[in-house]
Amino acid sequence: MRTILAFWLVAVLSLASACGGDNTRTFEADSTADSTIGNDSTTDDSSAVDTSGFDSATDDAVETDADGAGALADSSGEDGLDDASSADLQGEDGGADVDAKSIDITPQIPIANDFDKDFVGHGNDETVTTLVQTLRPRYGYRRYLDDDGFPLVPEDEFGREYPQPGEPHNVWNPFQLSTTPSTRRSLSYFVSFGDGQLMDVKSPAVIYRNSLNTGSISAAAYEAHFDYLPQLTDAVLQVARRFGVSRTYDFAIQLGDLMANAQENELEWAIKLMSGGVVSPSSGVTDDPLPGPTNDPRDSFLANGIGVPWYAVLGNHDVLINGIWPIALGVEVNNGNYAQLIKVIGAFGFGMPGLGTDAMHRSYLPPELEPALLFSGDSFELQMLLDADELKSLTESPIVADPKRRHLSTCDIIQMLLADGGDPKGHGYSEKHLELCRGWYRQDPVPGMPLRLLVLDLNSYLGGSEGFLTPPIRADGSVIEEQRGDPLYDQIAWLQQELAQAEKDGVVVLIASHQPSSSLRLTNEINDAADLLKFVPELEKLLKAYMPDPAEAMSADEFRRLLSSYPNVIAHLAGHYHRSKINAICGTGNVISAAEMQNGTTCPTDPEGKRGYFEIIGPSPINYAPQGRIVEIVDNGDGTGSIFTTVIDAQSGPGGLIIKGRRLALAEIQATSGSSGGLGHLYDRNTELVFDWTKTIAKTLSALDLPTTIQSLTTLKAPAPGLPKLPQAPIQ
């Protein structure tokens, strides 16, 4: 999860004047899917982002609507549709389409001009990757409301997706390598995803009323599909399993933010989803808002798990309340005498996160008002989405406390992972990690294979969502000198030691962390509001005490240069942005984005001969589109290698909670930002990333008996058996 401002309270005070005004019901919501503290999906400012999501595959012109979001438009202005050949996977029957002509509202915008009305999609009896089929809205990725909040398309088109042609693997060769693949062999085949961010929606730590966005400053808000995160995460995992049959995955890696508010019950659900078991996504009193089994997101269900060894990475939401607050600060605010500060904030319709174990919910949203639970799946109304004024009008209500809402320390998280008893035990962590409360580790995930996984903990335990890489520091940000340089305590020293050892051992290195390199900061995010804080002494004193600057943090450029100095480092896997995103990190430290790669940009020659590596970010189940990624590392037989990345969608059988969750996630952004959510650029999704092996590794690989069938070029291009209506089984 990534945010622009460290603390949403600062946004409250800096934008007080924006909180008043007309309370007329419209859908010009103040929060966007791409920039919110709490759901944390923002773009990496270091590169251009294709907001249409799909415009790069064609020569179609990209229009910009009034909100500045790119959208594909049919220049013919056609508003009629030929529905006979388009199978709608979002209908309850899995195939029924909706004729826009039969809806009272006549479309005021044309369908996207690259929308293929003749494409015949795969039905629910088959599961496919995005190489075979994508899911897209008919009218493109744009805002579907005018300035007065009036729908520009039939209301039933909000959140509706249609099968569209798949996307091929797009080749990246930023290092300008000469390659002619001969007999290709597969080194490793695995699943990667992050930011499930499972949320106990009844927890006092959830702030429904904080819906605020003015571009660069944003605050957390309720989104209707958050109830469905356990089911959407399960769906991504089960789709992945369909493509791990002909060849079993070597492992899976969850790239952080297993949970939303560092709560025990949220982590318990996440572990069950990954390892398999009964998931009961409720807290306090177990309620059943819609009577019957597996027909609402609070019902218990049986998760099958990913079915292969999986590794955990710690994210900011795993160790901080809201992914921002140090737990000690949360305790201070909720138990200390801050009545006046809370009163000031409350005057503007905002609340402060409570503690998970509290028995008072901060602007609790009763189940009967939850739009997610009112969506039956066969109809959709914009009234299901609450706007900012409605969120601010909610009042606090008492709830039943739940000891499983307790907030977890890093030690607590490691202990729960060790207690899981899954494969492998501890999911990367050992008893030694528990003793040290240390969030970074090394694993060789495939026995006998020259492949090493170095997992980093880049979280700021001093608060804020962004990343820090520092020597060992105290709570006041100062360096613990007696631990400096000791790899047991000093993560920088440990990383340098491990990189050197991996080069000596002649193994390929994958770096993994929650935050990508562009998230690394030198100072705490709270400094972004320094000018404001001096006018609020009470708040300034509080935040400076708990959210100080760290000493001697490593910069993003230093980090990239360190990794690129080791030629056996081929990729850095990360999450945090809630979107598919790939960067080429040049040996010079330059960053090349997907859009730049498509336009022909390549890496300059580094005078020291450093080659560089790839940074592979996202996707996640939390934002539209809920997705995961299958990764395969291939030896091309000519001294080069390729990393194939293939995106998979959360899918299920006909109808069910997956359809509802997907639809609500898409409708939210169509009614607000009009963006393509987390889809990223075409070259961020299905790719072939070309690199070269060191001579030592090439020699080692030549002696190994590796599979000659490349799953990315065979299995992933063919349909797999269909999935049941997920979740799979009710628990009575």
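Residues numbered from 1 in each chain as written. Predicted model: local features only at pLDDT ≥ 70, side-chain atom pairs only at ≥ 80, totals over all residues. Heavy atoms only, no water.

(A) Up close: the overall build of the chain. A tally of helices and strands in the chain yields 17 helices and 26 strands. Residue pairs in contact within the chain that sit at least 24 positions apart in sequence constitute 82% of those at least 6 positions apart. Accessible surface computed for the chain: about 23900 Å², of which carbon and sulfur atoms make up 50%. (Helix = DSSP H or I, 4+ residues; strand = E, 2+ residues; numbered from the N terminus. Contact = heavy atoms within 4.5 Å. Areas by Shrake-Rupley, 256 points an atom, 1.4 Å probe, with all protein chains shown as cover.)

(B) Fine view of the environment of Ser517. Looking at where Ser517 falls in the secondary structure, it is placed in the loop between β18 (508–512) and α12 (530–533). Of the residues examined, Ser517 reaches a relative accessible area of 0% and is grouped as buried. C-alpha separation for the pair Ser517 and Gly467, spaced 50 residues apart in sequence, amounts to 8.2 Å. A polar contact is formed between the side chain of Ser517 and the side chain of Arg560, at a distance of 2.8 Å. (Buried < 20%, exposed > 50% of the residue type's maximum accessible area, 1.4 Å probe, protein only. Polar contact = N/O pair within 3.5 Å; in protein donor to acceptor, adjacent residues only side chain to side chain.)

(C) Structural detail: the side chain of Ser513. For Ser513, the position within the fold is in the loop between β18 and α12. Among the polar contacts listed, one links the side chain of Ser513 to the backbone oxygen of Gln515, at a separation of 2.6 Å. A polar contact is formed between the side chain of Ser513 and the side chain of His572, at a distance of 2.8 Å.

(D) Fine view of the sheet that holds strand β25 (residues 687–692). Strand order in the open sheet made by the seven strands is β6-β25-β24-β23-β7-β10-β13, with mixed pairing throughout. Looking at which strands have only one partner, the edges of the open sheet turn out to be β6 (170–172) and β13 (310–312). The average undirected angle you get between the axes of adjacent strands in this sheet is 25°. Pairing of strand β23 (residues 627–635) with strand β24 (residues 640–649), which is carried by nine bridges, proceeds in the antiparallel orientation. Bridge assignment links Arg629 to a residue of β24, and that residue is Val647. (Pairing = 2+ DSSP bridges. Axes fitted to C-alpha atoms, helices over the stretch in contact; angles between N-to-C directions.)

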